[in-house]
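The residues making up each chain are set out below.
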Amino acid sequence: MRLVVTGREGQVARSLVERAHARPDFEVVVLGRPELDLAKPETIAPALAIARPDLVVSAAAYTAVDQAEDEPDLAFAVNGAGAGHVAEATARIGKPVIHLSTDYIFDGGGERAYTENDKPAPRSVYGASKLAGEHAVAKANPRHLILRTAWVYSPFGRNFVKTMLRLATDRDEIAVVADQWGNPTSALDIADAILHLAAMLYGNKGFASFGVYHFAGTGETSWSGFARHILDTSQAFGGPYARVRDIATVDYPTKAQRPRNSRLSTEKFRSVFGWTAPDWPGATSRVVEQLLTRRISNG
Ligand SMILES: NC(=O)C1=CN([C@@H]2O[C@H](COP(=O)(O)OP(=O)(O)OC[C@H]3O[C@@H](n4cnc5c(N)ncnc54)[C@H](OP(=O)(O)O)[C@@H]3O)[C@@H](O)[C@H]2O)C=CC1
Ligand SMILES: Cc1cn([C@H]2C[C@H](O)[C@@H](COP(=O)(O)OP(=O)(O)O[C@H]3O[C@@H](C)C(=O)[C@@H](O)[C@H]3O)O2)c(=O)[nH]c1=O
Ligand SMILES: [Mg+2]
């Protein structure tokens, strides 16, 4: 089957390409700017129609969380309206869409992992724009799977794992917030889950499990716990190392407010689709190892 993915250089798009490589049953086509620009609605339907998808994976997004506070119009155009246009164009060619969303749609006030029944209340422009996207997607295409994920990292693009490895090359100590909790998720594991869903969708004409799902790495930690694991793993593989110092959110001022608790319960995904993500520490170690090995082999 043919998956058409928006967001050519994005972490999820590149992970899908990598994971589908060894799968003769899947062909992955990635679309990006300029031929598909979510901020230019007129580009969307033609680009998707030409690509002839069996399924569209809507993974392109405006993901610069702090910058979005200064560019709300662009963030909403891309993450809200743009996502809606992708779903609408997909509906028009009679195909289902898998759309990626985020933990940042929640306010982070609770003490337990969020379920799909909990009420979203974003505290950032990015979170609000992604919630607008969820609504637009659901309205435009009834055959939608909205996957909310969190704290995504991978060997590709920009992410927290690569930031920590970079900072550790010229620092002895990195101060990282210890009072925001969540589920680090490898984009490679998101790609595996999407291929699993795609196979279920394609193999079952009567598939009726559309809706909103949480999918994230198994287990939870704080950003500082995540950082410590990244750097301990790096040290074990002979890569850069720095000590991690726990700080509070108030000691790391940022433009956007982030949820204190953004843990996602993945129980619905597990029970409906029979699939869970690997534990976050093991998944993180594999990506750190891959990044360090590639660095050495690239000289
Ligand atoms: N990263 C994370 O921690 C999390 C991400 N998500 C969601 O998962 C999805 C995938 O995230 P991820 O792979 O990390 O994202 P990335 O930031 O790695 O990639 C996003 C992609 O979208 C593209 N893009 C941005 N604006 C436009 C536009 N106007 N038209 C077309 N393409 C555009 C970017 O292009 P370019 O490279 O040219 O800028 C980039 O290739 C997104 O929906 C995101 O909101 C959810 C939870 C956590
Ligand atoms: C780099 C750095 C960050 N931090 C803090 C800031 C913030 O609270 C937290 C994470 O910072 P980042 O800016 O890397 O992460 P952020 O961009 O907020 O990551 C989010 O991206 C969007 C796209 C999502 O959808 C979310 O799920 C989430 O992954 O760590 C430190 O405390 N020390 C540091 O040195
Ligand atoms: Mg960031």
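Residues numbered from 1 in each chain as written. Chains lettered and ligands numbered in written order. Predicted model: local features only at pLDDT ≥ 70, side-chain atom pairs only at ≥ 80, totals over all residues.

Digging into the site of ligand 2
Inspection of the region around ligand 2 gives 19 residues, with Thr63, Thr102, Val176, Val177 and Trp223 positioned closest. Elements with a contribution of two residues or more to the shell around ligand 2: helix 5 (160-168) and strand 7 (173-177). Looking at which element gives the most residues to the shell around ligand 2, the answer is strand 7, with four residues. Looking at the shell around ligand 2 residue by residue, the classes come out as twelve nonpolar, five polar and two charged. (Near = placed C-beta within 6 Å. Helix = DSSP H or I, 4+ residues; strand = E, 2+ residues; numbered from the N terminus. Nonpolar A, V, L, I, M, F, W, Y, C, P; charged D, E, K, R; others polar.)

Remarks on the UniProt feature "domain: RmlD-like substrate binding" (unreviewed entry) in the protein chain
Look at the UniProt record and you will see "domain: RmlD-like substrate binding" (unreviewed entry) annotated at residues 1-291. Annotated as 39% helix and 16% strand, the span residues 1-291 places its first and last C-alpha atoms 30 Å apart. (UniProt positions renumbered as here; feature names shortened; annotations may be inferred.)

Overview of the pairing of strand 3 (residues 55-58)
Along any regular strand, the residues point their side chains to alternate faces of the sheet. Of the two faces of strand 3, both are covered, the one formed by Leu55 and Val57 as well as the one formed by Val56 and Ser58. As paired strands, strand 3 and strand 4 (residues 97-102) are joined by three bridges and run parallel to one another. When the sheet's bridge partners are listed, Val56 is paired in strand 4 with Val97. As for the winding sense of the linkage, the β-α-β connection from strand 3 through helix 3 (residues 72-92) to strand 4 is right-handed. (Buried ≥ 20, exposed ≤ 12 C-beta atoms within 10 Å, placed from the backbone. Pairing = 2+ DSSP bridges. Right-handed = clockwise from strand over helix to strand, strands pointing away.)

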